[in-house]
Every structure is written in structure tokens, then in C-alpha cells.
Amino acid sequence: MAYDKFTILRSTAVPLPTENVDTDQIIPARFLKATEREGFGDNLFRDWRYDVEGNPKKDFVLNDPTYSGKILLAGKNFGSGSSREHAVWAIYDYGFRCVVSSFFADIFKNNCLNIGVLPVTVSAEFADKLFAAIQADPKTEIEVNLPEQKVKLLTTGEFESFDINEYKKDNMQNGFDDIDYLLNMSSEIDAFAASR
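Because the structure is a prediction, the values reported are computed rather than measured. (Residues numbered from 1 in each chain as written. Predicted model: local features only at pLDDT ≥ 70, side-chain atom pairs only at ≥ 80, totals over all residues. Heavy atoms only, no water.)

(A) How the structure looks around the packing of helix α3 (residues 86–94) against helix α4 (residues 106–115). Two elements in contact, α3 and α4, have axes whose closest approach is 9 Å; the angle formed by their N-to-C orientations is 50°. In terms of axis orientation, α3 runs oblique to α4. Taken as a pair, α3 and α4 cross one another with a handedness that is right-handed. Where α3 abuts α4, its residues A87, V88, W89, I91 and Y92 lie against F108, N111, C112 and I115. (Axes fitted to C-alpha atoms, helices over the stretch in contact; angles between N-to-C directions. Helix = DSSP H or I, 4+ residues; strand = E, 2+ residues; numbered from the N terminus. Parallel < 35°, antiparallel > 145°, perpendicular 65-115°, else oblique. Left-handed = near helix turned anticlockwise from the far one by under 90°. Contact = heavy atoms within 4.5 Å.)

Listed below in C-alpha cells is the structure:
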């Protein structure tokens, strides 16, 4: 399933400094019955966003109109726990295109890259600077430049570089998942098959 191309993203960010956020907190298991990728954003952080009667909890950051944007600034060890893809589907469906953290669980990070959410790993020190800047001014913008592999705090110009697998980088820039990548090469595959 193709997703939005990612090159350069300039956006405000939503700060979630909580550490060790696991995939069951991102999308509770009771919402994993669907197999389509749409609709999961409604239940992103469901138990943190809503009370048992379904009313929004005013003290949770996604319910605070002060914060918005396409970047989720997350605490250390984001996406730990089970390997459910639904967690990333929920993040993407909600409207986030990038998650910045000082550490990601490996399986979660790979799921992000397969689904079209860019996981950007920065140092703990740089993450702290981003959190401080956003909390001081929620309109602060961050630039995530995938071609240059840099994340920049636009108010100060401070930046850090980040690593990404070249294959996944190319796919993100083209909006391809693994199947789209192969379909894009279909003429070359056919030509190779015909030559054998």
C-alpha cells in the first residue's frame, strides 16, 4: 500500500516525553481486529486520551489544542512491547508523519519505515532541547530533512544528523512500501525473466 512521499517536513510538534511507551499503550489490543489500515487514528493512545465513558481527558497532550503538528516528539524507548503494525497504522492514520525520539524499539522502528512514518533517532541531549523549545513555545517548528538526514530546530538553527537504511530512505522518498518497490521495477523484472 503506497503512502505519502516524504522528503522535507516542516511542522510544529506534539510533545509526549513519557518514556517506555509500548505498543499496547499506542493502540490497545482490543482495537486490533480490523485488517484495513484506516480508522486506527481514532484509537491512538485510546486509554490515555479517553476515560471509560469515552470522554476526552483534558490533561492528555493529544486533547490539548495548544499542541499540534505532523511530528510526534516522544520519550526514550518508544514503541517497545509487541510487534503490532497497528501501532504505526494508528500513528500514521492520526496524521503524524514523523516520530522523533532518543531510542526506538527495533521492530517498531522497522514497522514505521514499512508504513510511511519516519522514525528519527536523536541524542538524549538534542531531544531535551526539542522538548524545552516546544514547551516554551508550542508554535516552534522542526524541520526533518530526509534527503540530508538532518533534523533541525528552526528557531535556533541547531540540528542533528540521523541514520537511515538507504533502501528504506529511497522508499520513503518515493512513497513505496516493499511491494510498491517491486511493482515499480516490474518492467526490469519482466526483461530479466525474458532473458532467462
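(B) Looking closely at the sheet that holds strand β5 (residues 118–121). Sheet architecture is open: four strands sit in the order β2-β3-β4-β5, paired in parallel fashion. Unpaired on one side and paired on the other, β2 (13–16) and β5 mark the two borders of the sheet. For this sheet, the mean angle separating the axes of adjacent strands, direction not counted, is 20°. Taken together, the three bridges between strand β3 (residues 71–74) and strand β4 (residues 98–101) define a ladder with parallel strand orientation. Bridged to I71 within β4 is C98. (Pairing = 2+ DSSP bridges.)

(C) Layout of the packing of aromatic side chains. Scanning the model with the defined rule gives seven aromatic pairs in all. Between the aromatic rings of W48 and F60, the centroid separation amounts to 6.0 Å while the plane-to-plane angle is 65°, which identifies the pairing as edge-to-face. With W48 in helix α2 (residues 46–49) and F60 in the loop between α2 and β3, this pair connects stretches of sequence that are twelve residues apart. For W48, a relative accessible area of 23% puts it in the partly exposed group. Arranged with centres 5.2 Å apart and planes meeting at 25°, the rings of Y94 and F96 form a pair that is stacked. Using a relative accessible area of 31% as the deciding quantity, one classes Y94 as partly exposed. Of the residues examined, F96 reaches a relative accessible area of 0% and is grouped as buried. (Phe/Tyr/Trp six-rings, centres within 6.5 Å; stacked < 30°, edge-to-face > 60°. Buried < 20%, exposed > 50% of the residue type's maximum accessible area, 1.4 Å probe, protein only.)

(D) Inspection of the side chain of S102 at higher detail. Along the polypeptide, S102 turns up in the loop between β4 and α4. For S102, the contacting residues outside a window of four places in its chain are K76, T121, V122, S123 and A124.

(E) A look at the pairing of strand β7 (residues 150–153). Going residue by residue along β7, you find V151 and L153 tucked away on one face and K150 and K152 left uncovered on the opposite face. Pairing between strand β6 (residues 142–145) and β7: four bridges, direction antiparallel. Within β7, the position partnered with I142 by the bridge is L153. With antiparallel pairing between neighbouring strands as the criterion, β6 and β7 make up a hairpin whose turn holds four residues, including Q149 at a positive phi of roughly 55°. Relative to strand β8 (residues 159–161), β7 runs antiparallel, the two sharing three bridges. Paired with K150 across the strands is S161, a residue of β8. Counted between consecutive antiparallel strands, the loop separating β7 from β8 contains five residues, among which G157 sits at a positive phi close to 85°.

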